[in-house]
Amino acid sequence: MRRLLALPLLFTLIGASLPPARPPQRIVSLNLCADQYLLALADRSQIAALTQFARDPEMSAAAVAARGVPFTRGSAEDVLALRPDLVIAAPFRRRTTMAQLRGRDIATLDLEPAANYAEIVEQVRAVAKAVGHPARGEALIARMNAALRRVSRDAGKGAIAAYYQRRGFLTGTGTLIDDLMRRVGLRNLAARLHKPPLARVGLEEMARARPDYLIVETGSEQVSDLGTELLQHPLLRSIHRLRLPQSWTVCGGPAYVKAAQALAAQLHP
């Protein structure tokens, strides 16, 4: 959910000069977001392993689809034991793992978190091409585009919304959440307050700002610790809430469409 400065889609072959001529047959994901792209675009038989979080419904929008698919904790030893011909990872993570794979004929695709829908489309195409199914990528993009055309861009009517998380963290502009807000006609409180992509905002400051909506994670009504208790403070009770599962916004991908649909539906009950 943090805005990164760029979205490089790097396809390289460790220890060789050209990517494999045929589609990869043993793909390993070291990226939670890549898990979801693979489940949507690759044959199940092509997936050698997903991340350990792929089956977690709190983290993954494709947790149900990931059931029964092997997973890896991401160490170099674990990855090598899977004999992959393609590894999809995040360039800012697993650096130790990827360094230990150098000198081997293993293709890699690096994905950084998408910060808007255009970057999601770019990633769908990159993953679809890498796994050997570009037509599936175009079909998925067409379905997403068609669904988003039915989402009203005026649903929010310019109202101010704050994506307020446990422990008082506010999500700022240049993020996937900010892109979702604008898609349904909401304005991000973080922009009015001149906050960075992720900022700590106390209860008093939030109450004084008086946004029209708080966007919160589904299930935040259940107080489980001090972080969730803050969201139930009396100072915030008068602010109307819109709810989204965390798994729909922690990554880009097809779940972006579900999130946009859900926001628009809650703005037009």
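The rules behind each value
- Residues numbered from 1 in each chain as written.
- Predicted model: local features only at pLDDT ≥ 70, side-chain atom pairs only at ≥ 80, totals over all residues.
- Heavy atoms only, no water.
- Helix = DSSP H or I, 4+ residues; strand = E, 2+ residues; numbered from the N terminus.
- Buried < 20%, exposed > 50% of the residue type's maximum accessible area, 1.4 Å probe, protein only.
- Contact = heavy atoms within 4.5 Å.
- Areas by Shrake-Rupley, 256 points an atom, 1.4 Å probe, with all protein chains shown as cover.
- Pairing = 2+ DSSP bridges.
- Polar contact = N/O pair within 3.5 Å; in protein donor to acceptor, adjacent residues only side chain to side chain.

Q: Can you walk me through the overall build of the chain in this structure?
A: Along the chain, the regular secondary structure elements total 10 helices and 12 strands. Per-residue burial for the chain yields a buried fraction of 51% across its 269 residues. Contacts in the chain between residues at least 24 apart in sequence constitute 65% of all its contacts with a sequence separation of at least 6. For the chain, the accessible area works out to roughly 13000 Å², and carbon and sulfur atoms hold 52% of it.

Q: Any chance you could explain unusual backbone geometry here in plain terms?
A: Most peptide bonds are trans, and most residues other than glycine sit at a negative phi. One non-glycine residue, lysine 157, lies in positive phi territory at about 55°. Here lysine 157 lies in the loop between α5 (134-149) and β7 (160-165). What makes lysine 157 exposed here is its relative accessible area of 71%. At arginine 167, a position not held by glycine, the phi torsion is positive, near 65°. Among the structural elements, arginine 167 can be located in the loop between β7 and β8 (169-171).

Q: Even after reading the chapter, I still don't get the pairing of strand β5 (residues 86-89), so can you show me in this structure?
A: Successive residues of a regular strand alternate their side chains across the two faces of the sheet. Across the two faces of β5 the burial is the same, with Leu86 and Ile88 and Val87 and Ala89 all buried. Sheet topology places strand β2 (residues 27-29) next to β5; 3 bridges connect them, and they run parallel. The residue bridging isoleucine 27 from the neighbouring strand is leucine 86, located in β5. Alignment of β5 against strand β6 (residues 106-110), held across 4 bridges, turns out to be parallel. By the bridge assignment, valine 87 is partnered in β6 with threonine 108.

Q: Looking at this structure, I do not really get the environment of asparagine 145. What am I missing?
A: Of note, asparagine 145 is situated in helix α5. Between the C-alpha atoms of asparagine 145 and valine 257, which are 112 residues apart in sequence, the distance is 8.7 Å. Here the side chain of asparagine 145 touches tyrosine 117 through a polar contact of 2.6 Å, side chain to side chain.

Q: Looking at this model, I keep getting lost on the environment of alanine 199. Mind explaining?
A: Inspection of the secondary structure puts alanine 199 in strand β10 (residues 198-200). For the pair alanine 199 and glycine 172, spaced 27 residues apart in sequence, the C-alpha separation works out to 7.4 Å. Ignoring any residue separated from it by four or fewer positions in sequence, one finds alanine 199 in contact with Gly168, Phe169 and Leu170.

Q: Would you take a moment to explain the side chain of aspartate 35 for this structure?
A: Mapped onto the secondary structure, aspartate 35 falls in helix α1 (residues 32-41). Judged by its relative accessible area of 0%, aspartate 35 falls in the buried class. Within the structure, aspartate 35 has its side chain in polar contact with the side chain of threonine 51 (distance 2.5 Å). Leave out the neighbours within four places in its chain, and aspartate 35 touches Ser29, Leu50, Thr51 and Ala54.

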